[in-house]
Amino acid sequence: MRRGKRILALLGGFLLAFLLTGCVQSAEELYALPRQSDAYYDLQAAIDTVLTGGADYSGPMTGSNQQAVQLADLDGDGDDEALVFIKTSGERPLKVYIFDREGGSDSYENVAVIEGDGSAFDSVDYVQLDGQPGLELLVGRQLSNQVLQSLSVYSYTGERMVELMSANYSEYALVDLDGDNCRDVFLLRLETEERTGVAELYRWREGQMTRDQEANLSVGALAVKRIITGQMCEGVPAVFVASSYGEDSLITDIFAFRDQTFQNVSNHGETGLSVQTVRNYNVYATDIDEDGLIELPMLVALPSATAEETYWTIDWYNLKLDGSKDMKLTTYHNYLGGWYLILPDRFHGQISMGRSEEVSGVRGYSVQRWNGREQAPDDIFTVYAFTGEDRGELAVADGRFLLAEKGDTAYAASLGDCDWARTLTQEDLIAMFHFIHLDWNSGER
């Protein structure tokens, strides 16, 4: 499936790189600015005709396509059209001008213009929605003094621009939920004061974009924190929406097709609350074991002989359409340190966590065998994070060994003396240790 291409930075700059050909050039030739192609100048001239007084370039604010001038093959003829995003004054100030080449030449002409209300372009996507050659254009607009935004979808036939749909949204995503190899438009609308929200799915059917029956978000969802798409279980694509719930909790809604109906498959009971996925910890659904399926986290508090600090492990599972869980693996996530451990199955329900004694000013995190409240736990292994110029030496001193390095930090481990520690090797611990990846969309781990 072809994707829209981000190519042109804001026009008006000059190329500053030369191709070294090996030919001898005069001093004048060496210092001359490189000449742009005729197509470049023709397009610039065509854009100048629409950049009248009070009109300014206005690239989208979010998403992967943020240039004010972009190229995409909208009509599927093999040649890119140029799209120019402009903001003017007056009514319907947001305009998208589409330029196409005349008869395959370098000369561009304005073939269509899209006008809309709003204060700025929010996002732009190019995607295959109808199974026909060419890419559909999705334009999100920010509406003044409103939380909701406006999304419009257009198709360019080579002769005219046709609007396929228009709807308000808080967030949207593109996903193929019905398995027809074309993307669907998934929309969310949140009503923060009422703490309610709905999801809608628009699909291409019988020659037009149609809206399926809407599905509700869990009651009490405040704000969307993350949206990801992937396989819920084998052969079932889904959209996973993590929302804030209360001050310190998250709730995850899962939207998919069940019996050819769009619905919230994680929503059970009369309360409308996805109780299985509420948690007091910012842990998000992810493909933790890289098997192509999205796992959901379930927090498990570890036993402790003191009430000083509570440690948690995370049981990861796939949720099936019948509501049952397929347990996958268990991890310990240290979000403050940016790392996590995949724990052996035999550790499940048998361990606790604690802090080690200081080593050169650093206290490590110890995974311990739990022996009950009447007996001290046994250290299985300890993980340390060393910084500073001597971090490399400290990582391998006093029986420790290096797990990994990242930036100016060396991560090390040491094995304990109990029976469980002797069943592990350095290679085992290195394989268990992983870094937590930052989610670039939300800025959260």
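Residues numbered from 1 in each chain as written. Predicted model: local features only at pLDDT ≥ 70, side-chain atom pairs only at ≥ 80, totals over all residues. Heavy atoms only, no water.

Engineer: What exactly am I supposed to notice about the sheet that holds strand S15 (residues 224-233) here?
Structural biologist: Sheets are built from strands paired through backbone hydrogen bonds, the pairs being either parallel or antiparallel. The strand order across the open sheet formed by four strands is S15-S16-S17-S18, and the pairing between neighbours is antiparallel. Both outer strands of the open sheet, S15 and strand S18 (261-264), are each paired with one neighbouring strand and no more. Strand-to-strand twist of the sheet, defined as the mean angle between neighbouring strand axes without regard to direction, takes the value 20 degrees. (Pairing = 2+ DSSP bridges. Helix = DSSP H or I, 4+ residues; strand = E, 2+ residues; numbered from the N terminus. Axes fitted to C-alpha atoms, helices over the stretch in contact; angles between N-to-C directions.)

Engineer: Help me understand the side chain of Gln149, please; the structure alone is not making it clear to me.
Structural biologist: Position of Gln149 relative to the elements: it lies in strand S8 (residues 149-156). If we ignore the near neighbours within four places in the chain, the residues touching Gln149 are Asp122, Arg141, Gln142, Leu143, Ala167, Asn168, Tyr169 and Ser170. (Contact = heavy atoms within 4.5 Å.)

Engineer: It is not clear to me how the pattern of salt bridges should be interpreted in this structure. Could you clarify?
Structural biologist: Where charged atoms from two side chains of opposite charge come close, those side chains can pair. With the rule as written, the count across this model stands at twelve salt bridges. In this structure, the salt-bridge partner of Glu200 is Arg189, at a minimum N-O distance of 2.9 Å. Residue Glu200 is located in strand S12 (residues 196-205), and its partner Arg189 is located in strand S11 (residues 184-191); the two are separated by eleven residues in the primary sequence. For Arg400, the salt bridge goes to Asp398, with nearest N and O atoms at 3.9 Å. Residue classification places Asp398 among the exposed positions, given a relative accessible area of 71%. Among the charged side chains, a network of salt bridges with common partners joins Asp178, Arg203, Arg205 and Asp212. (Salt bridge = Lys/Arg side-chain N within 4 Å of Asp/Glu carboxyl O. Buried < 20%, exposed > 50% of the residue type's maximum accessible area, 1.4 Å probe, protein only.)

Engineer: Explain the packing of aromatic side chains here, please?
Structural biologist: Two measures describe an aromatic ring pair: the distance that separates the ring centres and the angle between the ring planes. Tallied over the full model, the rule gives 13 aromatic pairs. Consider the rings of Phe347 and Trp420, whose centres lie 5.3 Å apart with planes at 5 degrees: the pair is stacked. Of this pair, Phe347 sits in the loop between strand S22 (339-343) and strand S23 (351-359) while Trp420 sits in the loop between strand S27 (409-415) and helix H4 (426-432), and the two are 73 residues apart along the sequence. The pair Phe347 / Trp420 is uniform in exposure class, with both members buried. Here the aromatic rings of Tyr411 and Phe433 are separated by 5.4 Å at their centres, their planes lie at 40 degrees, and the arrangement is tilted. Placement of the pair is Tyr411 in strand S27 and Phe433 in strand S28 (residues 433-435), with a sequence separation of 22 residues. Site record: aromatic cluster; members linked through ring pairs are Tyr332, Trp339, Tyr365, Tyr411, Phe433 and Phe435. Positioned above the aromatic ring of Tyr317 is the side chain of Lys325, whose terminal nitrogen or guanidinium carbon lies 4.9 Å from the ring centre. Here the basic side chain of Arg400 rests over the ring of Tyr384, its NZ or CZ set 5.7 Å away from the ring centre. (Phe/Tyr/Trp six-rings, centres within 6.5 Å; stacked < 30°, edge-to-face > 60°. Lys NZ or Arg CZ within 6 Å of the ring centre and 35° of its normal.)

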